[in-house]
Amino acid sequence: MPDDAYARALENAERLLGQPLTLPLGPGEPAAGADFRRLATEHTFGDVWPREGLDLRSRCLVSVAIAAALGTHEPLRGQLRIALHSGVTREEIVELFIHLAAYAGAARAFDSYQIAVAVFGEAR
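- In the annotation of an unreviewed UniProt entry, the entry for the protein chain reads Carboxymuconolactone decarboxylase family protein, and the organism field reads Micromonospora terminaliae.

## What about the overall build of the protein chain?
Step number 1: Across its full length, the protein chain holds six helices and zero strands.
Step number 2: In the protein chain, the order of α-helices and β-strands from amino to carboxyl end is α-α-α-α-α-α.
Step number 3: Over its C-alpha trace the protein chain gives a radius of gyration of 15 Å, about what one expects of a compact globule, namely 14 Å for 124 residues.
Step number 4: Burial analysis of the protein chain (124 residues in total) assigns 27% to the buried set.
Step number 5: Long-range contacts, defined as pairs at least 24 residues apart, comprise 62% of the intrachain contacts of the protein chain with a sequence gap of at least 6.
Step number 6: A total accessible area of about 7,700 Å² is found for the protein chain, and carbon and sulfur atoms account for 58% of it.

## Here's the deal with the packing of aromatic side chains
Step number 1: Per the counting criterion, the structure on display carries one aromatic pair.
Step number 2: Arranged with centres 5.5 Å apart and planes meeting at 70°, the rings of Phe97 and Tyr113 form a pair that is edge-to-face. Note that Phe97 is positioned in helix H5 (residues 90-104) and Tyr113 in helix H6 (residues 106-122), a separation of 16 residues in sequence.
Step number 3: A residue is classified by how much of its surface remains accessible, and Phe97, at 5% relative accessible area, is buried.

## Focus on the packing of helix H4 (residues 73-85) against H6
Step number 1: It is the contact of H4 with H6, at a shortest axis distance of 10 Å, that shows an interaxial angle of 45°. Taken together, H4 and H6 sit at an angle that is classed as oblique. H6 is crossed by H4, and the crossing has right-handed handedness. Contacts from His73, Leu76, Arg77, Leu80, Arg81 and Leu84 in H4 reach Asp111, Ser112, Ile115, Ala116, Val119, Phe120 and Glu122 in H6.
Step number 2: Looking at the contact of H4 with H6 residue by residue, the class counts come to seven nonpolar, two polar and four charged.

## Points about the environment of Glu11
Step number 1: Relative to the helices and strands, Glu11 is located in helix H1 (residues 4-17).
Step number 2: For the pair Glu11 and Phe45, spaced 34 residues apart in the sequence, the C-alpha separation amounts to 8.6 Å.

## Here's the deal with the UniProt feature "domain: Carboxymuconolactone decarboxylase-like" (unreviewed entry) in the protein chain
Step number 1: Here the UniProt feature "domain: Carboxymuconolactone decarboxylase-like" (unreviewed entry) sits at residues 35-116.
Step number 2: Secondary structure across residues 35-116 divides into 83% helix and 0% strand, with the first and last C-alpha atoms of the span separated by 30 Å.

## Digging into the packing of H1 against H4
Step number 1: Running from amino to carboxyl end, H1 crosses H4 at an angle of 70°, the nearest separation of the two axes being 7 Å. As far as their axial angle goes, H4 and H1 are roughly perpendicular. The segment H1 lies against H4, with Arg15, Leu16 and Leu17 engaging Gly78, Arg81, Ile82 and His85.
Step number 2: Of the residues in the contact of H1 with H4, the class split is three nonpolar, two polar and two charged.

Cut-offs and rules
- Residues numbered from 1 in each chain as written.
- Predicted model: local features only at pLDDT ≥ 70, side-chain atom pairs only at ≥ 80, totals over all residues.
- Heavy atoms only, no water.
- Helix = DSSP H or I, 4+ residues; strand = E, 2+ residues; numbered from the N terminus.
- Rg over C-alpha atoms; globule rule 2.2 N^0.38 Å.
- Buried < 20%, exposed > 50% of the residue type's maximum accessible area, 1.4 Å probe, protein only.
- Contact = heavy atoms within 4.5 Å.
- Areas by Shrake-Rupley, 256 points an atom, 1.4 Å probe, with all protein chains shown as cover.
- Phe/Tyr/Trp six-rings, centres within 6.5 Å; stacked < 30°, edge-to-face > 60°.
- Axes fitted to C-alpha atoms, helices over the stretch in contact; angles between N-to-C directions.
- Parallel < 35°, antiparallel > 145°, perpendicular 65-115°, else oblique.
- Left-handed = near helix turned anticlockwise from the far one by under 90°.
- Nonpolar A, V, L, I, M, F, W, Y, C, P; charged D, E, K, R; others polar.
- UniProt positions renumbered as here; feature names shortened; annotations may be inferred.

Rendered as structure tokens:
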């Protein structure tokens, strides 16, 4: 049975994603991997996303921009899904990538934009 902090984090992740967050251990992953996944989930979805300092729309756009600038494709997919589920439009996301190209470079922006196009295709 998950503890209360983890359960709350999973509930918040599901609310943001519009579907349950599943983080099964991968082949060959040690059991300690479950601890990493739990701690990262508690911090991200339990501590950071619920904070009041930014509204949800701003938090979504910032998270997409960070994941894109870092070139982290799987986190970017998740952040895009959260943004779209939270009401950020595809047009706003395209504008984000236009802005990102100026500050993170066209190659990084274009590479990450391909992930966005794929996620747009999921969200029909």
